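Chain by chain, the residues run as shown.
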Amino acid sequence: MRYFLDFCTELLEERKKEKNQSARKNLLQLMLDAQLEGHEKLDKKTEEELKLENITDWRTKRGLTDLEIIAQCMVIFIAGFETTAGTLSYFAHSIAMNPDVQEKLYQEIEEKLGQESPNYDNVQKLTYLDMCMAETLRMYPIATVLSRESKEDCIVKGMKIPKDTAVLFPIMCLHYDPRYWTEPEKFDPEHFSEENKAKQIPFTYLPFGGGPRICAGMRLADLEFKMAVVQMLRKFRLVVCDKTEKKIEFAASGLLKPKNGIWLKIEHPIVITLYFYGRRTFGFFIEYGIKGPKPIAYFGNLLEISQRGLYNIFFDWKKKYGDRYGIFFGLQPSLIISDPEIIKDVMVKNFSNFTNRPIPFKIDEYSANMLLMAKDDHWKYLRTVLAPFYSSKRMREIVPLIEDVLKTFEKNLNKIADSKEATDVTILFSGYTMDVIASTGFGIKARKDLLQLMLDAQLEGHEKMDKKTEQDLKLENITDWRTKRGLTDIEIIAQCMLFFVAGFETTAGTLSYFAYSMAMNPDVQEKLYQEIKEKLGQEFPNYDNVQNLSYLEMCMDETLRMYPIALLLTRESKEDCVVKGMKIPKNTEVMFPVMCLHYDPRYWTDPEKFDPEHFSEENKAKQKSFTYLPFGGGPRICAGMRLAELEFKMAVVQMLRKFRLVACDKTEKKIVFELAEILKPKNGIWIKIEHR
């Protein structure tokens with residue numbers, strides 16, 4: 001919402017500067033005209049319909065304010081998006097399920113329009129299209145409830161309605177009432193024939209509302225719908241398929257939304273040509289002898305991924321195809337690797353060829369300047385500038401900022417413990433993480449935050465990178481970069497955005513999964529509590545003393561092994577290369593499914609069990625490199641790793657020394673995850689927090 005508000009504000013200012021505004025015919029220009037001149041062109045009929053008692057005073061005394069213009073821009077986007085898109089989707093389902101209706105509509109378009117492009121005037125001739133649209137809106141009104149509020153006490157049909165009462169009208173109940181519609185469950189455009197419309201009781205059909213506050217965008221929605229339908233049906237046929245639901249299942253939502261999407265086939269006279277065009281890249285891996293799941297034209301393996309989720313699907317594929325195989329994200333081939341030796345080769349030995357992450361879609365200027373997305377020397381420069389913020393020296397300096405946040409965190413823990421009720425700890429830790437980001441990233445009390453570091457780099461350039469870090473990062477030409485310029489405003493804003501996005505859900509999620517693991521393993525929790533008590537006593541946690549908590553480190557690592565927030569790591573080859581006898585062509589996207597490594601019984605004993613001993617000194621000495629990648633690996637390992645670990649450990653110390661985490665009736669024995677790009681609990685993480 002903030003982004004859209006800023007966009008509208010900027011657009012408004014740009015439009016005001018234009019000299020030839022009159023050439024524009026859109027809503028924004030109409031409102032700007034009203035702002036500049038006042039609006040005195042309302043015709044009498046519309047004024048009478050709207051019952052605008054004092055419109056003369058309103059329109060002559062002032063025009064629209066900037067705030068009013070921006071508000072209308074926002075509402076046309078929000079109100080106009082899902083409504084028309086949803087109606088078109090339900091219409092497509094209805095005529096696919098009723099091919100006789102579709103054929104009749106096609107014939108009307110052919111006879112009345114021919115090859116004439118649809119416009120406002122000629123679509124008015126299409127009476128059967130109007131009937132089909134109206135019937136779609138009757139059966140599938142996107143807004144399922146209308147509402148009004150009484151200003152004063154009143155009596156309607158003998159029923160007293162008190163002042164300030166909310167009055168709701170459930171539209172579906174009217175649209176499916178057999179008193180007003182014959183066979184209301186059946187899609188029948190004849191419900192809106194001229195004969196039947198003449199018999200229709202007013203206010204039994206309300207897809208756009210009614211009265212003076214009827215939807216202002218109704219005409220635009222009608223036109224948008226009809227023009228799309230004409231162009232679609234004159235060239236394509238909509239057909240049901242195996243995945244088409246006979247009766248649409250709806251999501252539990254404020255709007256009428258299909259739970260499982262609306263699946264159809266769209267046929268074309270050149271459908272075979274299109275089919276093969278949609279498979280044109282699918283021979284990519286065959287040349288290199290790499291197997292993988294069968295892709296579907298245009299979609300590749302995306303449908304399977306969307307149905308099973310990233311969390312599950314890579315386990316399935318690994319069992320079937322092993323440690324290396326190929327998949328397709330749409331038409332984009334992606335090489336999937338869960339062999340730690342190949343991963344090490346890609347991330348370290350051949351880093352110069354795999355410096356960059358693939359970007360399969362066009363991104364904006366700010367995203368392109370984020371450390372996460374930046375490429376080659378630009379990435380190296382940004383990493384150089386940001387590295388000092390994550391140094392041990394800077395970590396010690398920002399401890400007081402986190403200490404302030406922990407005071408609020410402890411108050412919240414006390415409130416939850418006092419309530420004696422179960423709580424979803426994802427909410428608790430989200431608040432804590434947000435406060436840490438605000439303080440350490442953009443703090444105002446002490447100028448030791450990330451923003452200040454970047455402003456310093458902007459003013460002076462950055463020449464303080466120590467030799468070891470520079471060598472680790474393989475920064476070939478960094479001297480040229482850092483002496484010629486400082487950071488630009490766009491680069492600074494981009495890193496601020498990344499700091500928020502990358503730092504929020506990751507640490508909050510890890511703390512949530514840790515709390516769950518402690519509650520489910522009270523013996524581990526007690527051992528950790530004793531370590532905190534013995535090694536720190538009542539000493540406040542800081543960067544140095546939390547390093548002494550070896551068992552806490554083991555518990556954190558085990559949490560990150562079992563619940564890595566980022567499910568996939570990615571790189572892209574710049575040139576053809578051979579890794580472990582496998583040829584990787586130029587511009588190939590290479591992906592590493594982290595969970596497959598973290599749960600592989602070849603590398604971990606009893607991987608399904610939460611066991612901090614996986615990270616004992618003895619076991620770490622045996623650990624195969626690049627089988628544990630919660631923060632990635634190689635020179636492009638997560639820059640914020642130290643801060644995330646500090647933020648995590650300080651929170652855990654303050655929490656466990658005063659509170660006990662306990663499983664309850666609402667605690668899931670095994671967490672159910674969302675079908676998302678990152679690891680998120682579907683139902684939250686519910687435990688009890690008790691005072692010690």
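For clarity, every value in this text was computed on a predicted model and none was experimentally measured.

## Quick word on the overall build of the protein
Of regular secondary structure, the protein possesses 26 helices and 15 strands. Residues classed as buried in the protein amount to 45% of the 692 residues present.

## Overview of helix H21 (residues 489–520)
Taking 1.5 Å of rise per residue, the 32 residues of H21 would be expected to cover 46 Å, and the 47 Å separating its terminal C-alpha atoms lies within 8% of that figure. Residue Gly 503 marks the point of greatest curvature in H21, where the axis turns by about 25 degrees.

## Here's the deal with the side chain of Lys 318
Examined against the element boundaries, Lys 318 turns out to sit in helix H12 (residues 302–321). Those residues in contact with Lys 318 that lie beyond four places of it in its chain are Asp 323, Tyr 325, Ser 338, Cys 596, Asp 600 and Arg 602.

## Some points on the sheet that holds strand S8 (residues 332–337)
Taken in spatial order, the 4 strands make up an open sheet running S7-S8-S13-S10, and their pairing is mixed. Each edge of the open sheet is held by one strand with a lone partner, namely strand S7 (324–329) and strand S10 (568–572). Recorded for the sheet is a direction-independent mean angle of 30 degrees between the axes of neighbouring strands. By the bridge criterion, 6 bridges tie S7 to S8 in an arrangement that is antiparallel. When the bridges of S8 are listed, Arg 324 appears paired with Ile 337. The strands touched by H12 are S7, S8, S10 and strand S13 (589–593); relative to S7, the strand with the most contacts, the crossing angle is about 170 degrees.

## Some details on the sheet that holds strand S14 (residues 659–662)
What the 3 strands build is an open sheet, ordered S9-S15-S14; its pairing is antiparallel. In this open sheet, the two strands that pair with only one neighbour each are strand S9 (423–424) and S14. Across 4 bridges, S14 lies against strand S15 (residues 686–691) in antiparallel orientation. When the sheet's bridge partners are listed, Leu 661 is paired in S15 with Ile 689. Against the sheet, H21 contacts S14 and S15, and its axis sits at roughly 80 degrees relative to S14.

## Some words on the packing of aromatic side chains
In total, this model carries 27 aromatic pairs according to the counting rule given. Aromatic side chains Phe 514 and Phe 648 sit 5.2 Å apart centroid to centroid with 80 degrees between the ring planes, which places their arrangement in the edge-to-face category. Remark: Phe 648 occurs in helix H26 (residues 641–656) and Phe 514 occurs in helix H21; sequence separation between them is 134 residues. Of the aromatic side chains, those joined through ring pairs into one cluster are Tyr 311, Phe 315, Tyr 513, Tyr 563, Tyr 599 and Phe 673. Looking at Arg 561, its charged tip hangs above the ring of Tyr 599, at a distance of 5.5 Å from the centre. The positively charged end of Lys 666 is found above the aromatic ring belonging to Trp 686, 3.5 Å away from the centroid.

## Considering a negative patch on the surface
The grouping of Glu 149, Glu 152, Asp 153 and Asp 164 at the surface amounts to a negative patch. Tracing the chain through its elements places Asp 164 in the loop between strand S3 (159–161) and strand S4 (166–170).

## Examining unusual backbone geometry
Of note, the phi angle at Lys 157 is positive, near 50 degrees, even though the residue is not glycine. With respect to the secondary-structure elements, Lys 157 resides in the loop between strand S2 (154–156) and S3. In this model, Lys 420 sits at a positive phi of 60 degrees, which is unusual for a non-glycine residue. Topologically, Lys 420 is positioned in the loop between helix H16 (392–419) and S9.

## A closer look at the UniProt feature "binding site: heme" (unreviewed entry) in the protein
UniProt records the feature "binding site: heme" (unreviewed entry) at Cys 638, using the numbering of this structure. Its place among the elements puts Cys 638 in the loop between helix H25 (617–622) and H26. Take Cys 638: its relative accessible area is 34%, and that puts it in the partly exposed class.

## Remarks on empty space enclosed by the protein
The tally for this structure, following the rule as stated, stands at 2 cavities of 30 Å³ or more. Here the largest cavity defines a volume of roughly 40 Å³. Residue lining of the largest cavity: Leu 310, Tyr 311, Phe 314, Leu 567, Leu 568, Pro 593 and Met 595, and that is the complete set. No other element matches H12, which puts 3 residues into the lining of the largest cavity. Partitioned by chemical class, the residues of the lining of the largest cavity number 7 nonpolar, no polar and no charged. Of the volumes computed, that of the second largest cavity is approximately 40 Å³. Around the second largest cavity, the lining residues are His 93, Lys 243, Thr 244, Glu 245, Ile 248, Gly 261, Ile 262 and Trp 263. A breakdown of the residues in the lining of the second largest cavity according to their chemical character gives 3 nonpolar, 3 polar and 2 charged.

Conventions and cut-offs
- Residues numbered from 1 in each chain as written.
- Predicted model: local features only at pLDDT ≥ 70, side-chain atom pairs only at ≥ 80, totals over all residues.
- Heavy atoms only, no water.
- Helix = DSSP H or I, 4+ residues; strand = E, 2+ residues; numbered from the N terminus.
- Buried < 20%, exposed > 50% of the residue type's maximum accessible area, 1.4 Å probe, protein only.
- Expected span 1.5 Å × (residues − 1).
- Bend = angle between axes of the 7 residues up to and from the residue.
- Contact = heavy atoms within 4.5 Å.
- Pairing = 2+ DSSP bridges.
- Axes fitted to C-alpha atoms, helices over the stretch in contact; angles between N-to-C directions.
- Phe/Tyr/Trp six-rings, centres within 6.5 Å; stacked < 30°, edge-to-face > 60°.
- Lys NZ or Arg CZ within 6 Å of the ring centre and 35° of its normal.
- Patch = residues over 30% accessible without salt bridge, like charges linked within 9 Å, V, L, I, M, F, W, Y side chains within 5 Å.
- Areas by Shrake-Rupley, 256 points an atom, 1.4 Å probe, with all protein chains shown as cover.
- Salt bridge = Lys/Arg side-chain N within 4 Å of Asp/Glu carboxyl O.
- Lys, Arg positive; Asp, Glu negative; His and termini not counted.
- Charge placed at Lys NZ, Arg CZ, Asp CG, Glu CD.
- UniProt positions renumbered as here; feature names shortened; annotations may be inferred.
- 1 Å grid on protein atoms, 1.4 Å probe; cavity = no way out; pocket = protein on both sides within 12 Å on 5 of 7 lines; lining within 4 Å.
- Points joined across faces, edges and corners; volume = space filled by probe spheres on them.
- Nonpolar A, V, L, I, M, F, W, Y, C, P; charged D, E, K, R; others polar.

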